[in-house]
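The lines below spell out each chain.
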Amino acid sequence: MEWSSSEKSWGKKEKEEPYHVIHKVPCGDGPYVKAKHAQLVQKDLEGAIVWFWKAINAGDRVDSALKDMAVVMKQMDRTEEAIEAIKSFRGRCSKQSQESLDNVLIDLYKKCGKADEQIVLIKQKLRLIYQGEAFNGKPTKTARSHGKKFQVSVRQETSKLLGNLGWAYMQKTNYIAAEVVYKKAQMIDPDTTKACNLAVCLIKQARDDEAHLVLEEVLRGRLPGSCNTKSRARAQELLLDLKPRQPPPPPPLSSEVMGRNLDPSSSEVMGLNLDQDFVDGLERLMHAWAPSRSKRLPIFEEISSFRDQLAC
């Protein structure tokens, strides 16, 4: 069989694929390159950390070296060390890298159970979004996961951060605050993971019928990600854990489930750790992104009424 000239050329390029492309490591021979080689090729995480430190001290790709080192430390359950490293050396990094370092910090705080620190940092990131300073003022950013690049919108990032904030409140057993935050996240960019977490918040408040409605949304395929087998399995497990009761009424539309009015005279709005500028900023985002069924979300009316009782 005869090969065409283009096929021969393609085959030659395949054989001559550069080493750094095959192993997905950067070019060069500096300490950062050696750190990535130890991490990705030799699978020597301890050795990689040594070289990452050398790269940071030598000023060699400090932005990437610090972030990658923290990720490797997290893999090795050295989260406290990773947190201190970022806090101590992020001043050497560029302004453009601060956002990604914050994302790493949020993951580290989550892993080691530092809910208070996680809440503070997430609020800071949300403030940057509603002040128009996130993503360096651009509507999207390029993210990377498992070696693949993809675009993330400000709207998606906001919903993700609100989901993380809800999770942090759950770790502090503040299920009322978590419920409010999860509902706002679902109104911006709904998914099944946040829906299941919202159901947990409702169950913890002995509001099983409402939790049942939210879980039915997942099982009936009404939310993005409903085909995810893990989310469906979790929703089914949560339904089985609910106490036997009379069948609930037919489930309403997703926006109705997520936007349930809270009684401002009840304890449901008490204890929310949201200060005034934070509430106002989120309100502006909701005006822009939430469904147009109302000009102002009921929850913000209620939060506004109780601002004097909301701690900073």
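Here's what I pulled together on the structure shown here.

Cut-offs applied
- Residues numbered from 1 in each chain as written.
- Predicted model: local features only at pLDDT ≥ 70, side-chain atom pairs only at ≥ 80, totals over all residues.
- Heavy atoms only, no water.
- 1 Å grid on protein atoms, 1.4 Å probe; cavity = no way out; pocket = protein on both sides within 12 Å on 5 of 7 lines; lining within 4 Å.
- Points joined across faces, edges and corners; volume = space filled by probe spheres on them.
- Helix = DSSP H or I, 4+ residues; strand = E, 2+ residues; numbered from the N terminus.
- Nonpolar A, V, L, I, M, F, W, Y, C, P; charged D, E, K, R; others polar.
- Phe/Tyr/Trp six-rings, centres within 6.5 Å; stacked < 30°, edge-to-face > 60°.
- Buried < 20%, exposed > 50% of the residue type's maximum accessible area, 1.4 Å probe, protein only.
- Lys NZ or Arg CZ within 6 Å of the ring centre and 35° of its normal.
- Contact = heavy atoms within 4.5 Å.
- Core = buried A, V, L, I, M, F, W, Y, C linked by side-chain atoms within 4.5 Å.

Of the volumes computed, that of the second largest pocket is approximately 190 Å³. Taken together, Lys95, Gln96, Gln98, Glu99, Asp102, Leu128, Glu133, Ala134, Phe135 and Asn136 make up the full set of residues lining the second largest pocket. Per element, the largest residue contribution to the lining of the second largest pocket is three residues, and it comes from helix α7 (residues 98-111). Residue composition of the lining of the second largest pocket, grouped by class: three nonpolar, three polar and four charged.

Our focus in this paragraph is the packing of aromatic side chains. On inspection of all chains with the given rule, the structure shows two aromatic pairs. Ring geometry for Tyr32 and Phe52: centres 6.0 Å apart, planes at 50°, overall tilted. Of this pair, Tyr32 sits in helix α3 (residues 31-40) while Phe52 sits in helix α4 (residues 45-58); the two residues are 20 residues apart in sequence, bridging distant segments of the chain. Among the residues examined, Tyr32 registers a relative accessible area of 7% and is labelled buried. With a relative accessible area of 0%, Phe52 lands in the buried category. Judged by centre distance (5.3 Å) and plane angle (65°), the rings of Trp53 and Phe89 are edge-to-face. You can see Trp53 sitting in helix α4 and its partner Phe89 sitting in helix α6 (residues 79-89), a full 36 residues away along the chain. With a relative accessible area of 17%, Phe89 lands in the buried category. One Lys or Arg, Lys54, reaches over the ring of Trp51 and ends 4.2 Å from the middle of that ring.

It is worth spelling out the environment of Leu242 at this point. In this structure, Leu242 sits in the loop between α13 (229-241) and α14 (254-258). Taking the C-alpha atoms as reference points, Leu242 and Ile203, separated by 39 residues in sequence, lie 7.8 Å from one another. With sequence-adjacent residues up to four places away left out, Leu242 is seen in contact with Ile203, Asp208 and His212.

Turning to the nonpolar core, a few remarks are in order. Within the largest apolar cluster, 65 residues are counted, with the highest numbers of intra-cluster contacts made by Phe52, Leu66, Met69, Ile86 and Leu108. When neighbours within four sequence positions are excluded, Ile86 is seen to be in contact with Leu66, Ala70, Leu101, Val104, Leu105 and Leu108.

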